[in-house]
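So the chains spell out like this:
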Amino acid sequence: MPTFVPVLLPALSAVLMAVAGIRDQTARKRGTPVPEQRGLLPLGWVAVGVTVLAALAGSVAGGLAEENLRPVLLLINAVWGMLALVALTRLLRRTLRTAEALALAVPVAVSALLVMGAAR
């Protein structure tokens, strides 16, 4: 497996965050009103739970398959899954629906599985 595969999810999340930032900046330059978000992003409990559970499930499956179950990697995978959730929430400017959160859970779980397999 190529070495860049485990970092695809955080790299894609960084690109989505950059796209959302550029979109907001150009909207401000043009004078288009940008909806102000004060406080925290509207993540939603369902989306957060589904994302974290998918990351943990992928981590445990990958850790058991590779006999490499480490708590630090579980935490890293959960953080990377949350980064993807925050990036999508910021890009869409709204809370993800349950179906969208479940669709995000698949790449998060696969990414966690690949990270556990790559980190030996």
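This section reports on the structure supplied with the text. Owing to the predicted nature of the structure, the values given are computational and were not obtained by experimental measurement. (Residues numbered from 1 in each chain as written. Predicted model: local features only at pLDDT ≥ 70, side-chain atom pairs only at ≥ 80, totals over all residues. Heavy atoms only, no water.)

## Topic: the nonpolar core
Piece 1. Ranked by internal contacts, the top residues of the largest apolar core, which has 15 residues, are Leu85, Leu104 and Val108.
Piece 2. Of all the secondary structure elements, the ones that give two or more residues to this core are helix H2 (45–66), helix H3 (71–92) and helix H4 (98–118).
Piece 3. The greatest single-element share of this core, amounting to five residues, is contributed by H2. (Core = buried A, V, L, I, M, F, W, Y, C linked by side-chain atoms within 4.5 Å. Buried < 20%, exposed > 50% of the residue type's maximum accessible area, 1.4 Å probe, protein only. Helix = DSSP H or I, 4+ residues; strand = E, 2+ residues; numbered from the N terminus.)

## Considering unusual backbone geometry
Piece 1. Phi at arginine 93 is positive, roughly 60°, even though this residue is not glycine.
Piece 2. Looking at where arginine 93 falls in the secondary structure, it is placed in the loop between H3 and H4.
Piece 3. The class of arginine 93 is partly exposed, set by a relative accessible area of 33%.

## Details of the packing of H3 against H4
Piece 1. Packing of H3 against H4 brings their axes to within 10 Å, and their N-to-C directions diverge by 150°. One element, H3, and the other, H4, form an angle in the roughly antiparallel class. As H3 packs across H4, the resulting crossing turns out to be right-handed. Contact residues: H3 offers Leu73, Asn77, Trp80, Gly81, Ala84, Leu85 and Leu88, while H4 offers Leu104, Val108, Ala112, Val115 and Met116.
Piece 2. Looking at the contact of H3 with H4 residue by residue, the class counts come to 10 nonpolar, two polar and no charged. (Axes fitted to C-alpha atoms, helices over the stretch in contact; angles between N-to-C directions. Parallel < 35°, antiparallel > 145°, perpendicular 65-115°, else oblique. Left-handed = near helix turned anticlockwise from the far one by under 90°. Contact = heavy atoms within 4.5 Å. Nonpolar A, V, L, I, M, F, W, Y, C, P; charged D, E, K, R; others polar.)

## Comments concerning the environment of leucine 113
Piece 1. Turning to its location among the elements, leucine 113 is positioned in helix H4.
Piece 2. For the pair leucine 113 and arginine 90, spaced 23 residues apart in sequence, the C-alpha separation works out to 26 Å.
Piece 3. Excluding anything up to four places from it in sequence, leucine 113 contacts Gly58, Ala61 and Gly62.

## Some details on H2
Piece 1. Its 22 residues place the ends of H2 31 Å apart at the C-alpha level, agreeing with the 32 Å of an ideal helix rising 1.5 Å per residue.
Piece 2. Of the residues making up H2, those classed as buried are Ala47, Val48, Val50, Thr51, Ala54, Ala55, Gly58, Ser59, Gly62 and Gly63.
Piece 3. Residues of H2 that are buried sit in contact with H3 and H4.
Piece 4. Taken from the residues just after H2, glutamate 67 is the one with a positive phi, measuring 55°. (Expected span 1.5 Å × (residues − 1).)

## With respect to the packing of helix H1 (residues 8–30) against H3
Piece 1. Where H1 meets H3, the closest approach of the two axes is 9 Å, and the angle between their N-to-C directions is 25°. It follows that H1 is roughly parallel to H3 by the angle criterion. When the axes of H1 and H3 are compared, the crossing they make is left-handed. Residues Leu9, Pro10, Ser13, Leu16, Met17, Val19, Ala20, Gly21, Arg23 and Asp24 of H1 form the contact with H3, whose participating residues are Trp80, Gly81, Leu83, Ala84, Val86, Ala87, Leu88, Arg90 and Leu91.
Piece 2. Residue composition of the contact of H1 with H3, by class: 13 nonpolar, three polar and three charged.

Interpretation in functional terms is not warranted from these geometric data alone.
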